[in-house]
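Observations on chain architecture
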Amino acid sequence: YYDLHPEEGRDEFKAVSLAMIGRHELFSDLENPAIAKDGHVAWLLTNGLPILDADGTFLGYRGSDTDITERKQAEQDLRVQTQLRGLLMQMASTFINMPSDRKHIDLTIEASLGELGLFVDADRVSIFRYDFERQVCRKSHEWCAEGIEPQIERLQGIPLAGMQELLKVHRRGETLYVPELLDLPEGHGLRQALMPDGVKSVISVPLMNGDECLGFL
């Protein structure tokens, strides 16, 4: 039973459970994680009623486990959304009140990208701008986690001809999420552009001004 608990926190969970069992206590709505057969972590709600014989001798427990994984995931998603909303509001306040000189704006944008990167545990966060007149895309700002090589100098003047699928998604105002670049066809422009740099997954959010797409994050 205890071996099903994730290694982190297992000893503490075992000690608390054994102490409750030793006192023949009732288990009521005890939330605990367990590793399922396929390796994913499921959350269980455990209830246990101590069983005593006629003389009051403790015989064991009768109980049940209820899978509450979906509820726990929904709670986690809500927490993340709330934290992200707070972070974005803080950024908005920073941009409203910052000086209007170009250097300060660029530094503030890069600092904000860093905050987003740390929040989502990303290796790199960038802003790309579309230039439809010249039919190119360029990286205008970039934040990299420690040990990640910058790309901003190299990713300038990227032809839009090789980004049509991505561009179509962005012009619809939609976010593109690719959990695994290897799942894309070998000739896909996004895969060809990012795989050489060791990128494994990517999420891109269009930057919109009304119905006009200016670029993406």
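Residues numbered from 1 in each chain as written. Predicted model: local features only at pLDDT ≥ 70, side-chain atom pairs only at ≥ 80, totals over all residues. Heavy atoms only, no water.

**Things to note about the overall build of the chain**
Within the chain, the regular secondary structure consists of five helices and ten strands. Against the compact-globule benchmark of 17 Å for 217 residues, the chain has a radius of gyration of 26 Å, which places it well outside the compact range. The C-alpha extent of the chain, read off along each of the three principal axes, is 90 × 45 × 35 Å. Across the 217 residues in the chain, those meeting the buried criterion constitute 29%. Long-range contacts, defined as pairs at least 24 residues apart, comprise 40% of the intrachain contacts of the chain with a sequence gap of at least 6. (Helix = DSSP H or I, 4+ residues; strand = E, 2+ residues; numbered from the N terminus. Rg over C-alpha atoms; globule rule 2.2 N^0.38 Å. Buried < 20%, exposed > 50% of the residue type's maximum accessible area, 1.4 Å probe, protein only. Contact = heavy atoms within 4.5 Å.)

**Considering the environment of Glu 12**
Tracing the backbone through its elements, the reader meets Glu 12 in helix α1 (residues 10-22). In this structure, the C-alpha to C-alpha distance between Glu 12 and Glu 149, residues 137 residues apart in sequence, is 40 Å.

**Some points on the environment of His 40**
Looking at where His 40 falls in the secondary structure, it is placed in the loop between β1 (27-35) and β2 (41-52). Classification of His 40 by relative accessible area gives partly exposed; the value is 39%. The spatial distance from the C-alpha of His 40 to the C-alpha of Met 89 is 34 Å, given a sequence separation of 49 residues. When residues no more than four places from it in sequence are discounted, the contact partners of His 40 are Ala 34 and Ile 35. Reaching out from His 40, the side chain makes a polar contact with the side chain of Asp 38 at a distance of 2.5 Å. (Polar contact = N/O pair within 3.5 Å; in protein donor to acceptor, adjacent residues only side chain to side chain.)

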